[in-house]
Every structure is written in structure tokens, then in C-alpha cells.
Amino acid sequence: MSVLFPKVNKPREWDYRPIYYDKEKEARKEKLARLHRGSFREEHEKNMSTQRARNKSKLTFWIALLFLALVLYLFLR
């Protein structure tokens, strides 16, 4: 640190951008909100159906793998 020229931080600059009310944009937001009110339930049901399908696929894979292991065990014994 210098004794003759100490460092002094500059103050923050004012960066203000006013927000203007846009009637059309607010109307679009309201319309979009009305369209998506029941979407949480629909999304949950869709996610649950994909989860069930994924679980069924995993179960099929494990059954096929068990069957293959059993056949290999009997064949190589």
C-alpha cells in the first residue's frame, strides 16, 4: 500500500432502468397462467405413467437376465 497515493474505491454508478407497464404483455401472462392452472396434475400423471413404464422395463430386463443366468448355469453344469 502506498503512503502517498492510497487506493480509494470508486463509488458505484447509478444504473437505473425504469420498468414500464405493458398492457399486452400482462394480458399474455394472464392467459398463459390460465392455461397452465391444471397442468401440475397432468404433468404428475404423465410422469407417473412414464415411471410405471420404466419400472416395467426394468422388471422385464431382470427377469430375462435371471432366465439367461439359469440357462447358462444348467448348460455349463
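Residues numbered from 1 in each chain as written. Predicted model: local features only at pLDDT ≥ 70, side-chain atom pairs only at ≥ 80, totals over all residues. Heavy atoms only, no water.

Q: Is there a simple way to think about the overall build of the protein in this case?
A: Assigned secondary structure in the protein consists of two helices and zero strands. Taking 11 Å as the expected radius of gyration for a compact globule of 77 residues, we find that the protein reaches 32 Å, considerably beyond that expectation. Across its three principal directions, the C-alpha atoms of the protein cover 90 × 55 × 15 Å. Looking at the 77 residues of the protein, the share that counts as buried comes to 1%. Accessible area of the protein: about 9000 Å², with a carbon and sulfur share of 62%. Where the 18 positive side-chain charges of the protein centre and where its 9 negative ones centre are 10 Å apart. (Helix = DSSP H or I, 4+ residues; strand = E, 2+ residues; numbered from the N terminus. Rg over C-alpha atoms; globule rule 2.2 N^0.38 Å. Buried < 20%, exposed > 50% of the residue type's maximum accessible area, 1.4 Å probe, protein only. Areas by Shrake-Rupley, 256 points an atom, 1.4 Å probe, with all protein chains shown as cover. Lys, Arg positive; Asp, Glu negative; His and termini not counted. Charge placed at Lys NZ, Arg CZ, Asp CG, Glu CD.)

Q: Mind showing me how you'd approach the environment of N55 here?
A: Mapping N55 onto the fold places it in helix α2 (residues 39-76). Expressed as a C-alpha distance, the spacing of N55 and L74, which sit 19 residues apart in the sequence, is 29 Å.

Q: Got a minute to help me understand the packing of aromatic side chains in this structure?
A: Each aromatic ring pair is described using two quantities: the centre-to-centre distance and the angle formed by the ring planes. Applying the stated criterion across every chain yields a total of two aromatic pairs. With a centroid separation of 5.3 Å and 70° between ring planes, the pair formed by F61 and W62 is classed as edge-to-face. The class of F61 is partly exposed, set by a relative accessible area of 49%. Owing to a relative accessible area of 55%, W62 belongs among the exposed residues under this scheme. (Phe/Tyr/Trp six-rings, centres within 6.5 Å; stacked < 30°, edge-to-face > 60°.)

Q: Even after reading the chapter, I still don't get the environment of L65, so can you show me in this structure?
A: On the secondary structure map, L65 appears in helix α2. Note on L65: relative accessible area 37%, which makes it partly exposed.

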